[in-house]
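Working through the structure, step by step
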Amino acid sequence: MPRLKAATVSDQTVRKRKRKVQEDDEPQETEQGAQVEGLKEVHRIVGPDGNLIDATTTMTVPTKKHDGGKKPRRAPKAKGAAKPALKRQASSTLVESSTPWPEHFTKLAQVHRAMNMVYTFLCTRKHLATTLENLKSTVEGNIQRELVIDDVAQITALIPKAINFAYVDEAMLQINLMGSEDNLQGRRATEFVILEPEPDKGEHKEVLLFEFIDGDLKRQVQHKKTGEPTKAITKLRNEDLKMPVFSQKQMMNLIEKRNIKFTSAVNVFLNQCAEEGVDAIEKVMEVSKVFIPIPTEIRDSTPGPDRSRIPASIPAERESIPDILNEIKTLEWYTGQIVPDGHRVFDPQEPIYGDLNFAMSQNLVNALYNTRNITKLYSHQAEAINNLYDGHNVIVSTSTSSGKSLIYQIPVLHQLEQEPNTRAMYIFPTKALAQDQRKSMKELLRFMPGFEEVLVETFDGDTPMSDRNYIRDEARIIFTNPDMLHITILPQEDAWRSFLQNLRFVVVDELHVYNGLFGAHMAFIMRRLRRVCAAVGNRHVKFISCSATVVNPEEHMKTVFGVEEVKLTDFDGSPSGRKEFLCWNTPFKDPGDPTSGRGDCMAETAKLFCQLMLRGVRAIAFCRVRKQCEALLAAVKTELTNLERTEVIPRVMSYRGGYTPQDRREIEREMFDGKLCGIVATSALELGVDIGSLDAVVTVGFPYTIANLRQQSGRAGRRNKDSLSVLVGDCFPTDQHYMSNPDEIFTKPNCALQVDLENMLVLEGHVQCAAHEMPINVEVDTAYFGSLLPKIARERMRQDKEGFYHVNERFLPQPSRSVAIRDTEDEHFAIIDITNGKNTVLEELEASRAFFTLYDGGIFLHQGNTYLVKEFSQERMLAKVELVKVDWTTQQRDYTDIDPVETEAIRRIPGSKSKAFYGPIKIQQVVYGFFKIDKKRRILDAVQVDNPPIILFSKGMWLDVPKAAMDILKGRRLNIAAGIHAAEHAVLSLMPNFVISMPGDVRTECKVPEKEFLAKESSRKRPARLTFYDAKGGASGSGISTKAFEFIDTLLMQACTRLQTCHCLEGCNECCNDDACKQANQVMSKAGAMVVIMCLLGKEKQIDIDALPWGEEDVQAGFDTVVEAVGVRMAEGKTRDGGRLPGGVEDEKMVRAKLVGGVWIKEEEEQEDHFSRSIHMYGGERTFIGVHK
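Values in this document were obtained by computation on a predicted structure and should not be read as measured data.

Describing the sheet that holds strand β14 (residues 423-427)
In any sheet, the strands associate via hydrogen bonds between backbone groups, in a parallel or an antiparallel arrangement. Across the sheet, which stays open at both edges, the seven strands sit in the order β15-β16-β14-β17-β18-β13-β19 with parallel pairing between neighbours. One side of each edge strand has no neighbouring strand; the edge strands of this open sheet are β15 (456-458) and β19 (566-569). This sheet shows a mean twist of 15 degrees between the axes of neighbouring strands, independent of strand direction. In terms of strand pairing, β15 meets strand β16 (residues 477-480) through three bridges, oriented parallel. From the neighbouring strand, T458 faces β16, where its bridge partner is F479. In the packing of helix α18 (residues 553-561) onto the sheet, the strands contacted are β13 (393-397), β17 (503-508), β18 (542-547) and β19, and the crossing angle to β13 comes to about 135 degrees.

Printed below as a string of C-alpha cells:
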C-alpha cells in the first residue's frame, strides 16, 4: 500500500483486514449505514502541526513524455508523517448504539426483515420479478399490516447502496425474466418468442421494482439422492443442463447478513441524530423523500440530483478537466472510485525545435505552411530527416501524436522534386490509417506547383480491380498494407518491375503492431521485398519506421527489416498539454461491503463516459474485444436514456473490426468532422488514425500491456489542450493488480517486442512464396531466410538441374494465398438482418469465430443492438438474425480436451521439486450449448446445441499437479478438478504482465460441470495437470506460451499472492474466476487453487490444512474425473516420470538433450526431418499442418 505523503495524497482508500477492536480505537461513524462497513475514502494530509486535516489534493508530476517517459517525480515526504489510525468494519460486524430504538424504527426493521426474506426466496424463481406487487401480499401477511411505499423509501434511505427501488418498464422486465420455459430442448430458433411492446399501440406500463443489489445467491446443483441443493463444485452430479437451485442454508445466511447490515445502519443513524440533537423520526422521513419512486410521466418535470447538474445541451466550449472531475466527484454515485495514489497530473511540455542539414524547396516550405501552419520542425523530426538524408535507415520511437508522419512525408516529397520517377511505398497495418495518410499527402501536393496531378493512391483490398493497373503504372506513392504486398504485389513482381526498380522509400508505420506471429510474417515479407528489389537491380531502398515508445525499437527494426544500418530517434520534441491520469476502480455492489463483489464494469464506465460527454468532453472508450465494444455501447445508450438525454444517442457510435468498408468510412468521417461526441472502439483505433481532437480516453479494463495503455492514453489531448485519461478497473486479477499498484503504470518499462524468425510453419510458407516469385538459390538466399533454409529446401521443395529450388506443387497455383499472415481468414459468414423482411448484410464474421458466436437462439450484438439468431447455416455460410429488444446476452459452452503430445523442454521451479514442461499440444473442442446471462451475469437459462468436434494442434506448457496437493485436497474432501481449474485461471489471467498478449491468445482446459458432476463413472478421465496452449499460429504456436514458460515461477508467485490477498471466500473475478470461462466458472475452488499453486512452488509445509474448508460429506463416495498425471514421452518416444529431470535415473535419460540456462532442451540432428516426425507424432498423412486449409 502506498504510504501517506506529507505534502499531497489524493483519493486515499484504506483497506484493512478484520481485527478486534482495541480499547484506544475510537469508533468511526458515517452518515449512511451502508458505508460503515468495508472501504472508506479518505482525503487527508498531514498539517504543519502534525495533525491530520481533510483535503482533496492531487499529485502533480512534471514529466517529459506522457507515453512512457521517465519515472514521474513524486512530492517530497515530510518528516514524521504517519498513517492515520483508520478502522474498517466488516459487513457482518454489528455497530452498537446507546440510544434506545423508537418504535418507528422497530417497525421499519420488521418491514425490512419481512421484505428481505420474501425477496430472497422470490429470487430463486427466475420467472417471477421482485416487484412491490409480487412482494406485497406475503410481506403484509408477515407484518400483519399494510405495506406502504413510504416505509420502503425510509428503509432505502438508511441503506441506499444496498437497495434499488424504482419504476421500470414492465416489458423489459418480462424480457429479462425469459427463462427455460422459452427454450425447451428440441425447439428451433424460429419458434423462440420474444416479448416486446408493440410500438403502434404505444404500450408503456411501468411497475415498481424492489431489489437488493448488495450480492447474489451462488449457483448450486441438486443432490441426486436427497434432492437438496448443494455446492456446484462437489462430486454430487447433475447430468442435464438445468437451472440453478439454492439451499435454505445459503439463503438464510444472506438474509441474516442483510438484517445485521440494516441494524447497524439504524444504530449509526440514531447515533448521528443524537450528536446533532435532531429528532430521528422526523429526519428519516425528511431524507426518505428523495427515495420515493416517481413514474416516468410525472418525473419529467423534476430532474433528479444527478441530472440537474448536467448542462441542458452539450457545451461548445467545455470547462477545464479539473473542474469537470470535481463536478463528477459530487455526484451521488461517486463513492471514491479513484484508487489511492491513482490520480496523477502530467505538466504541459513546451516544444523543442531542430534544424535540417539541407535546404527544402520554397514550394515544399509553402505547402507545409499552407496545410498545417508549420514554420519549424520539432527536434525529433529534424534529427530523423537528417539521418535519412545521410543515407541511414531510420526508426522513430516517440509518443503518440508527436508529428511522426512528417518524418516520412518531407523526404519523399524532397526526393520527388529531384527525381520525378521516384516511387515510395507506405505500409500501414490497417486500411483506415492508409486512407488517413493518403488524404494528408494529397493536401500537401495540392499546394506544390507542378505536383498537383501527381498520383498518390491507396492500393488495398477495397481498390476496384479496374483501377489497379493504372495505379501500379502511374502512382508515385502507394498506400498499402502487408496483406496486399504479400498476396498481390510480390507474387506479380514482373508487372510491378518498373515500380520496384524506382522504389526509394519504404515506410512502415506503427512498427510496434508487428509483434509475435504477425511480426514474424511481416519480417519475411520485408525480406522477400528486399530480395526482389535486389534482383531487379535496386539496392538503394531506405526504410523508415515509426513506433510508439517501446523498449527495444532499434533491435525490433533490425529484426523486422533484416537490415543492420539503423539510426534511432527517441527524444520527443513535441509539445503536450496538461494531462490528468486516473485509476478508476469499479466499486463493490455495496461500496461498504467488499464481500458483495465488484459491480458491473460496463455500467460503471457508461456512467463516467456519459458524464464526460454531456459536459462537452469528446471521449473515446477502448474495449478489449468486439463483444465488450457492443456491450458498452448498449450500456451508454441505457445510461443516456436514464439521464433523459436520448437526443445524444445518435452521436455515439462503435468502431471495430467486422463492419463493412462503407460503414467504417462513414464513422471515420463523422468522427473527424466532430459530429460524434463519443466513440466506443476496439484497438483498431488505438493506432494513429486522425479522428480530430479528443479530450478524454477511457480504457475499459487493463489492455493486455503497459505499451497498449500508454498508446491509447496518448490519443487524448492532440491539440495542446488539457486532457484526461482513465483506466477503469474491471474485476480481473490483472486489473486489480494495477488498481492496487498504480505506481507500476507510470514506472514499469514497456514489454519487449518478440519476433520468432525460426517458427517453422511461418518460415516455410514464406520460402515457398519466395520460390514462386524467383527460384531459391540456397547460398545467396540464406542471407534473407536464415540457417534453416537449406533444410526446408532439401525436404520440402523441388530442385532443378542447375541446383535452384522451386515451389512445392502443393502450394500452386498461388502460394501466397495458402499463407494467412494474420488471424484473419478468407472464409467469412454473412450475417443477414431479416427484421421486417429487410434481408441486408449487417457484417461478416470469420469462420473460426462463427462457430463460437453464432448458434440457433443465440444473441448477436451489432452497434449496441441485440439480434436473435434465427437460422445458422454452415453449408451456405450465413446466419439470419432479427432485431429484438432483450436485456440478456448468450455465452457459448464447450469442452476442450488438451493433451501434450511430447516433451521438448523442461524448466525447474526454484525451491520446488516440480517442473514445467513445454512441447506440442493436441486440442479437441466440442461446442454443445449456451447460457443466457443477464446484466448482473446471472444465469437465466441453459440451452443445448449439437455440433461436430474440431481438432487442432499447437504448442504449449504444462505443470503436473504434485501428489502432495492431491492428497491434501482428498483429505479435506475438496474437488480436485475445481482446484486445478481455479489455479489455471489464476495463472492465465496474469500472463499479460510478462508477455504482450490478448485474451484468448493463450487458453486452458475449462472444466465442464456436466462431466464433473455426473452421476456415473466418467470415461473421460483427465490427468491432474495445469495446461496452457497458444490459440494462434497453427502447430508451431505463436510463441506466447513459450514466454510464459520462461517466467513460470514468477507467474506462480504472483498468482499465489493474488489468491491470498483477495477479499472473496469462494473465488471471484479478481483472483481465480474469469469472465471468458466457457463454463461460467461453475467448477471452481479457491481453496483448491491455493493448495495446487503452493505445492507447485514447494510451499506445501506452509499450507494451514486445518484452516482449509471441508468439502461435501460424500465426495469420497463420488467418482474421480481427475487422475494423477503420468509423464509425457520425450522427443524420442521414451516415457518418463514427470517428477524427475532427465538423467535422474540412468535408463530414463532424455535422448540428445542439452542444458541451456537451467532448461533441458531436446537437440535435433541436422538430418532429422521435423515434418515427418511431426506428422508421425500426430498420426496423420504427410500434409502441411497449419499452412493449407
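Here we look at helix α29 (residues 963-971)
Residues A965, M966, I968 and L969 constitute the buried set of α29. Projected down its long axis, α29 shows its buried positions confined to an angular sector of 160 degrees, all on one face. Among the structural elements, α30 (976-988), α34 (1086-1096) and β43 (1122-1123) are those in contact with the buried residues of α29. R973 lies just past α29 and shows a positive phi near 60 degrees.

Details of the packing of helix α19 (residues 601-614) against helix α20 (residues 626-642)
Put simply, α19 and α20 touch, their axes get as near as 8 Å, and they point 60 degrees apart. Taken together, the axes of α19 and α20 are oblique relative to one another. Judged by the sense of rotation from one axis to the other, the crossing of α19 with α20 is right-handed. Along the contact surface, α19 presents M602, T605, A606, K607, F609, C610, M613 and L614, while α20 presents Q628, A631, L632, A635, V636, E639 and L640. Among the residues forming the contact of α19 with α20, the class breakdown is eleven nonpolar, two polar and two charged.

Digging into the confidence of the model for the chain
Mean pLDDT for the chain: 75, with 73% of residues reaching 70 or above. Overall, residues 1-91 carries pLDDT values under 50, and its contacts beyond four positions in sequence, including any with other chains, amount to 195 contacts.

Criteria and cut-off values
Residues numbered from 1 in each chain as written. Predicted model: local features only at pLDDT ≥ 70, side-chain atom pairs only at ≥ 80, totals over all residues. Heavy atoms only, no water. Pairing = 2+ DSSP bridges. Helix = DSSP H or I, 4+ residues; strand = E, 2+ residues; numbered from the N terminus. Axes fitted to C-alpha atoms, helices over the stretch in contact; angles between N-to-C directions. Contact = heavy atoms within 4.5 Å. Buried < 20%, exposed > 50% of the residue type's maximum accessible area, 1.4 Å probe, protein only. Arc of directions from axis to C-beta. Parallel < 35°, antiparallel > 145°, perpendicular 65-115°, else oblique. Left-handed = near helix turned anticlockwise from the far one by under 90°. Nonpolar A, V, L, I, M, F, W, Y, C, P; charged D, E, K, R; others polar. pLDDT = per-residue confidence, 0-100.

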